[in-house]
Amino acid sequence: MKIISGGVCAAKGYKANGIHCGIRHNRTKRDIALIYSEVPATAAAVYTTNLVKGAPLTVTKKHIENGIAQAVICNSGNANTCNANGVEIAEKMSELIAKELSIKADDIVVASTGVIGQPLNIEPIAKGIPELAKGLSIDGSLLAAEGIMTTDVAVKEVAVEFTIGGKTCHIGGIAKGSGMIHPNMATMLVFITSDVKISAEMLQKALSSDIQNTFNMISVDGDTSTNDMVVVLANGMAGNTEITCEGEDFTEFMKALNTVNVTLCRSIAGDGEGATKLLECAVENAKDLQTAKTVAKSVICSSLTKAAMFGADANWGRVLCAIGYSGAQVDVNKIDVAFKSNKGTIEVCKNGAGVDFSEEKAKEILLEKEIVIAVNLNDGEYSSKAWGCDLTYDYVKINGDYRT
């Protein structure tokens, strides 16, 4: 398996584009994106668990009930959530793009991201769709990735190449997400494409399984979005024998999907609103997997720990505190904690108690852009990772006037 370029266009048969159509006032910002498969693809998705859901999720669920999709349309700048005519607008977006591409409206995934509770005008979308469709290109992944961004600073895209049954296969993805990230299924908007031939049932199984250890393990600010969705399309153009059950081929597909998802997770966490650092909490030697996951997520969600990392302060007591209130049953007297980065590793806690360490060395380690908070529970053989970011002054600035 190897990382390649191309994002959602790396797999055979996919094209993409992103343009500014007028939803956002800033004309330098693309605000609508399109991903298209030359042939109908099997489809799978996971959605936010927030009881308040964007209208596009309702429409998408209905459209891919049969496990088939051929295109994804997504606008940014307006979430189309809590609008009386939200479903009508989402359906109209599908109809417009279906007509332009000569495909079925029911085979289109619809997504929106941006401000909640603001009416979404269909007119700029309707005017922009012909240009959007006409500009579809095998080189369009970056444009599409830009078209779904809101407060994101960095574009998030990745692709991998691998082999199944002697056939060269690909999986690629783009994502958006910077704030309101604390999922309980998936996170933000993630669109993944593949040319693997796989049944809709097995595709859903792969996605639903993988998100438990990837997208469900990131947090920026503790808020679960109303529009979270992860969608995977697989059009079968790689020519492999269809994957219809577990086995070697399914395992290879899962490995590739996990590589894409972990990369996107790290990109989302590292690009948290106002963030200056990517944080990873790596828990090892837990008595069971759930304990490892609970501890890792609790540490990464701790506002005090996040603030300490922003200040390059090796305040390991905040890590222990987060473990203590996580609800996980751990022996506090066995816990070791260390901080790691490209500048080295420093142990700060042994058997639940502090150890002598150089504050100067710790600060040097914590000033790096990527920090690992290593937690050893010394109580078993299970491990887990969670991803997040530091908590900075800019997070409050961004969200203090996000709507106005």
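Data block above holds the structure.
Residues numbered from 1 in each chain as written. Predicted model: local features only at pLDDT ≥ 70, side-chain atom pairs only at ≥ 80, totals over all residues. Heavy atoms only, no water.

Peer 1: Quick one: what's the story with the sheet that holds strand β11 (residues 336–341), residue by residue and with numbers?
Peer 2: The 6 strands are arranged β13-β12-β11-β14-β10-β15 in an open sheet whose pairing can be described as mixed. Unpaired on one side and paired on the other, β13 (353–354) and β15 (382–389) mark the two borders of the sheet. Taken together, the 7 bridges between strand β10 (residues 278–286) and β15 define a ladder with antiparallel strand orientation. Paired with L279 across the bridge in β15 is G388. Along the sheet, helix α6 (residues 248–270) contacts β10, β14 (370–376) and β15; its crossing angle with β15, the most-contacted strand, is approximately 40 degrees. Where helix α7 (residues 289–301) meets the sheet, its contacts fall on β10, β14 and β15, and the angle it forms with β15 comes to roughly 20 degrees. (Pairing = 2+ DSSP bridges. Helix = DSSP H or I, 4+ residues; strand = E, 2+ residues; numbered from the N terminus. Contact = heavy atoms within 4.5 Å. Axes fitted to C-alpha atoms, helices over the stretch in contact; angles between N-to-C directions.)

Peer 1: Could you give an account of the packing of helix α5 (residues 200–210) against α6, naming the residues involved and the relevant values?
Peer 2: Running from N to C, α5 and α6 point in directions that differ by 45 degrees, and their axes come no closer than 10 Å. As far as their axial angle goes, α6 and α5 are oblique. Pair α5 / α6 crosses with right-handed handedness. On the side of α5, the interface is formed by M202, L203, K205, A206, L207, S209 and D210, while α6 contributes F250, F253, M254, L257, N258 and N261. Its residues placed into classes, the contact of α5 with α6 shows 8 nonpolar, 3 polar and 2 charged. (Parallel < 35°, antiparallel > 145°, perpendicular 65-115°, else oblique. Left-handed = near helix turned anticlockwise from the far one by under 90°. Nonpolar A, V, L, I, M, F, W, Y, C, P; charged D, E, K, R; others polar.)

Peer 1: Explain the pattern of salt bridges to me, using residue names and the numbers behind them.
Peer 2: Across all of its chains, the model carries 14 salt bridges by this definition. A salt bridge links E252 to K255; the shortest N-O distance between them is 3.5 Å. Separated by 3 residues within a single helix, E252 and K255 lie in helix α6, roughly one turn from each other. According to the relative accessible area criterion, E252 is partly exposed, its value standing at 25%. On the basis of relative accessible area, K255 is assigned to the partly exposed category, the value being 46%. Linked by salt bridges that have partners in common, R266, E280, E370 and K385 make up one network. (Salt bridge = Lys/Arg side-chain N within 4 Å of Asp/Glu carboxyl O. Buried < 20%, exposed > 50% of the residue type's maximum accessible area, 1.4 Å probe, protein only.)

Peer 1: Which residues make up helix α1 (residues 55–63), and what values go with them?
Peer 2: Looking only at α1, the buried set comprises A55, P56, L57, V59, T60 and H63. The elements touched by buried residues of α1 are β3 (32–47), β4 (68–78), α2 (86–101), β5 (108–115) and β9 (229–234).

Peer 1: Go over the pairing of β9, please, and point to the residues and values.
Peer 2: Burial within β9 is extensive, with 6 of its 6 residues counted as buried. Of the two faces of β9, the one carrying M229, V231 and L233 and the one carrying V230, V232 and A234 are both buried. Sheet topology note: the β3/β9 ladder contains 6 bridges and is antiparallel. Its bridge partner lying in β9, T42 is registered against A234. Bridge count between strand β8 (residues 189–194) and β9: 6 bridges; the pairing is parallel. Paired with S194 across the two strands is A234, which belongs to β9.

Peer 1: For the packing of aromatic side chains, give the residues involved together with the corresponding values.
Peer 2: The description of two aromatic rings rests on the distance between their centres and on the angle between their planes. The final tally for this structure, using the stated rule, is 1 aromatic pair. When the centroid spacing of 5.2 Å and the interplanar angle of 90 degrees are considered together, the rings of F310 and Y393 count as edge-to-face. Of this pair, F310 sits in helix α8 (residues 303–310) while Y393 sits in helix α11 (residues 393–400), placing them 83 residues apart in sequence. Under the relative-accessibility criterion, F310 is labelled partly exposed at 27%. Assessed through its relative accessible area of 62%, Y393 is described here as exposed. (Phe/Tyr/Trp six-rings, centres within 6.5 Å; stacked < 30°, edge-to-face > 60°.)

Peer 1: Hey, could you go over the state of the cysteines for me, with residue numbers and the actual values?
Peer 2: Each disulfide consists of one covalent bond between the sulfur atoms belonging to two cysteines. Taken as a whole and assessed by the stated rule, the structure comprises 0 disulfides. Here C301 is not cross-linked by a disulfide; its sulfur's nearest cysteine counterpart is in C281, at 10 Å. On the accessibility criterion, C301 (27% relative accessible area) is partly exposed. Here C389 is not cross-linked by a disulfide; its sulfur's nearest cysteine counterpart is in C301, at 10 Å. (Disulfide = S-S within 2.5 Å.)

Peer 1: Can you break down the nonpolar core residue by residue, with the values?
Peer 2: Within the largest apolar cluster, 70 residues are counted, with the highest numbers of intra-cluster contacts made by F162, I171, I198, F253, F339 and V375. The dominant element in this core, judged by the number of residues it contributes, is α6, at 10 residues. Those residues in contact with F162 that lie beyond four places of it in its chain are M1, K167, T168, C169, H170, I171, V196, E252, F253 and A256. In this structure, V8, C9, V72 and L189 belong to the second largest nonpolar core, which totals 27 residues. (Core = buried A, V, L, I, M, F, W, Y, C linked by side-chain atoms within 4.5 Å.)

In short, the description is geometric, and any link to function would need to be established separately.
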